[in-house]
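Topology and contacts: notes
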Amino acid sequence: MRIDILTLFPEMCEAVVSSSIIGRAVASKKVEIICTNIRDYANNKHNKVDDTPYGGGMGMVMSAEPIDTAFASLYNPETEEKPHLIYLSPKGKNFTQQKAVELSKKDRIVLLCGHYEGVDERVLEKIVDEEISIGDYVLTGGELPALVVADAVCRMLPGVLADDVCFTEESHFSGLLEYPQYTKPAVWQDREVPQVLLSGHHANIEKWRREMSLKTTFEKRPELLNSAKLTATEIKYIDEIRQSKHDI
Ligand code: SAM
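**Some remarks on the packing of helix α4 (residues 97–104) against helix α6 (residues 143–155)**
Direction vectors running N to C along α4 and α6 enclose 70 degrees, while the axes themselves pass 8 Å from each other. Classed by the angle they form, the pair α4 and α6 counts as roughly perpendicular. The interaxial crossing formed by α4 with α6 has right-handed handedness. Across the interface between the two elements, Ala100, Leu103 and Ser104 from α4 touch Val149, Ala152 and Val153 from α6. When its residues are assigned to classes, the contact of α4 with α6 shows five nonpolar, one polar and no charged.

**Thoughts on the domain arrangement of the protein**
Domain annotation of the protein identifies domain 1 (2–154) and domain 2 (173–247). Measuring from the centre of the C-alpha atoms in domain 1 to the corresponding centre in domain 2 gives 38 Å.

**What to know about α4**
Among all positions in α4, only Lys99, Ala100, Leu103 and Ser104 are buried. Take α4 and look down its axis: the buried residues cluster within an arc of 135 degrees, on one side only.

**What to know about the sheet that holds strand β2 (residues 32–37)**
Pairing is parallel across the open sheet formed by five strands, whose spatial order is β2-β1-β6-β5-β7. The open sheet terminates on both sides in strands that have one partner only, identified here as β2 and β7 (130–133). Each strand of the sheet is rotated relative to its neighbour by a mean of 30 degrees, with strand direction disregarded. Bridge count between strand β1 (residues 2–7) and β2: six bridges; the pairing is parallel.

**Things to note about the site of the ligand**
Around the ligand there are 21 residues in total, and Tyr87, Leu88, Glu117, Tyr137 and Leu139 lie nearest to it. Contacts to the ligand include Gly114, whose backbone N or O atom sits 3.0 Å from an oxygen atom. Separating a nitrogen atom of the ligand from a backbone N or O atom of Glu117 is a distance of 3.0 Å. Look at the ligand: alone it shows 590 Å² of surface, and the protein chains cover 85% of it. At five residues, strand β5 (residues 84–94) tops the list of elements feeding residues into the shell around the ligand.

The rules behind each value
- Residues numbered from 1 in each chain as written.
- Predicted model: local features only at pLDDT ≥ 70, side-chain atom pairs only at ≥ 80, totals over all residues.
- Heavy atoms only, no water.
- Axes fitted to C-alpha atoms, helices over the stretch in contact; angles between N-to-C directions.
- Helix = DSSP H or I, 4+ residues; strand = E, 2+ residues; numbered from the N terminus.
- Parallel < 35°, antiparallel > 145°, perpendicular 65-115°, else oblique.
- Left-handed = near helix turned anticlockwise from the far one by under 90°.
- Contact = heavy atoms within 4.5 Å.
- Nonpolar A, V, L, I, M, F, W, Y, C, P; charged D, E, K, R; others polar.
- Domains from an automatic or database assignment.
- Buried < 20%, exposed > 50% of the residue type's maximum accessible area, 1.4 Å probe, protein only.
- Arc of directions from axis to C-beta.
- Pairing = 2+ DSSP bridges.
- Near = heavy atom within 4 Å.
- Polar contact = N/O pair within 3.5 Å; in protein donor to acceptor, adjacent residues only side chain to side chain.
- Areas by Shrake-Rupley, 256 points an atom, 1.4 Å probe, with all protein chains shown as cover.

What follows is the structure, encoded as structure tokens:
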């Protein structure tokens, strides 16, 4: 897969995409991540990429032309399909694990990072396929959101994590939150690891983990249970937890 990041701050993105799991995925060529500086496509003497907003008001707006030209430089329309272009924006649809899985199946995506007051709407209308938000708050620029999306997508690519279980059992993949995790020592400051995890009995460990996943979801994000796929036994288990809380 290839991920392009269109940004005014490529150094911010390059630092992250060369580190940790995403950095290893790039080094082992499981993904190619290319950061392009929109400023390199400013066709004026002072490399100006923004201007004051029409209608007045505070701040600056990113101009349409350098973004359009930077995007056009990424592919040849005569021989290649237009890459799927995502604008990171607080007005976009909220990013989810399902969206990360969906994007990981594409050969190519381009992530456009806004800055200042945002981007001239006309270039968004012309080239953007979808807008993604990483949450209902406003950040200074689209670089952190683009890196969030790139990281989550890379984790879903074949071979990036050691085994598919690394993500299929993680929070949100199946609609539930993950069970609690423990590591050595078995007793830490008088707190013991649950005995079942020391038993070596795989079926019991699996059952405990599923139940803890249901319990954690019930306690921390109960609304997720409305859309999770649960068996009749699991629904009964949740009802029992609900009842026991009610009885306290
Ligand atoms: N004036 C814009 C508004 O009120 O919707 C906010 C502009 S923000 C300061 C600058 C840039 O940061 C945006 O163009 C966008 O690319 C990015 N950004 C900020 N918050 C974001 C979020 N929650 N999700 C995705 N991108 C975000």
